[in-house]
Amino acid sequence: MSDYRDIQTAVRVEKIRIWLAWVTGNVILLIVASMTQHVRILSVITQVLLAAGFLALTVALFRMTGALNRKAAAARKDVLGDV
């Protein structure tokens, strides 16, 4: 049972790291966008990159979280003997 607990703890820690990386990445994108808001063409380009970056970070977040959930489910099946 301790193997499952160790895996659950590791999964929880990795999920927190993933969410923190997502928040940090989006904050950096917002800072860059706010720094370039007074330059007209650069502001438009930055806003497009902000939207693309947000989308890419969000997709990566959910893909990585889903992979961790599948890993935790597989570990649960191994430990508890579920079919």
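Everything discussed here concerns the structure shown above.
Residue indices begin from 1 for each chain and proceed along its sequence in written order. It should be noted that, the model being predicted, local features are given only for residues of pLDDT at least 70 and side-chain atom pairs only at 80 or more, the latter also being counted only at that level, while totals for whole chains, interfaces and linings use all residues. Working from all heavy atoms in the structure, the side-chain values ignore hydrogens and water.

Considering the packing of aromatic side chains
Move 1: For Phe, Tyr and Trp, rings pair up if their centres lie within 6.5 Å, where Trp contributes its six-membered ring, and each pair is then called stacked (planes under 30 degrees apart), edge-to-face (over 60) or tilted (otherwise). In this structure the tally under the stated criterion is three aromatic pairs.
Move 2: Their ring planes at 75° and their centres at 5.6 Å tell us that tryptophan 19 and tryptophan 22 sit as a pair that is edge-to-face. One end of the pair, tryptophan 19, and the other, tryptophan 22, are both in helix α1 (residues 2-35), three residues apart, so they sit about a helical turn from each other.
Move 3: Here the term buried applies to any residue with accessible area under 20% of the maximum for its type, exposed to any over 50%, and partly exposed to those in between, with areas from a 1.4 Å probe on protein chains only. For tryptophan 19, a relative accessible area of 39% puts it in the partly exposed group.
Move 4: Measuring from ring centre to ring centre gives 6.0 Å for tryptophan 22 and phenylalanine 54, while their planes differ by 50°; the resulting arrangement is tilted. Taken together, the positions of tryptophan 22 in helix α1 and phenylalanine 54 in helix α2 (residues 40-80) put the pair 32 residues apart, joining distant regions of the chain.
Move 5: Here a set of aromatic residues connected by ring pairs shows up, and it is made of Trp19, Trp22, Phe54 and Phe62. By the criteria applied, helices consist of DSSP H or I runs no shorter than four residues and strands consist of E runs no shorter than two, each listed in order from the N terminus.

A few points about the side chain of threonine 36
Move 1: Position of threonine 36 among the secondary structure elements: in the loop between α1 and α2.
Move 2: The exposure class of threonine 36 is buried, given its relative accessible area of 13%.

Some remarks on the pattern of salt bridges
Move 1: Within this document, salt bridges are pairs made up of a side-chain nitrogen of Lys or Arg and a carboxyl oxygen of Asp or Glu, the two lying within 4 Å of each other. Throughout the structure, instances matching the rule amount to one salt bridge.
Move 2: Notably, a salt bridge pairs glutamate 14 with arginine 17, separated by 3.1 Å at the nearest N-O pair. You can see glutamate 14 and its partner arginine 17 sitting in helix α1, three residues apart, about one turn around the helix.
Move 3: Classification of arginine 17 as exposed rests on a relative accessible area of 53%.

Things to note about α2
Move 1: Multiplying 1.5 Å by the helix residue count minus one yields the expected span of that helix. Helix length check: α2 (41 residues) gives 60 Å between terminal C-alpha atoms against 60 Å at 1.5 Å per residue, within 8%.
Move 2: Taken residue by residue, α2 has Ser43, Thr46, Gly53, Thr58, Leu61, Thr65, Gly66, Leu68, Ala72 and Ala75 as its buried positions.
Move 3: Directly beyond the C-terminal end of α2, a positive phi value near 75° is found at glycine 81.

As for the environment of serine 34
Move 1: Structurally, serine 34 can be placed in helix α1.
Move 2: For serine 34, a relative accessible area of 38% gives the class partly exposed.

Considering the side chain of serine 43
Move 1: Inspection of the secondary structure puts serine 43 in helix α2.
Move 2: Classification of serine 43 by relative accessible area gives buried; the value is 10%.
Move 3: Contacts: residue pairs with any heavy atoms within 4.5 Å of one another. In contact with serine 43, other than residues within four places in its own chain, are Thr36 and Gln37.

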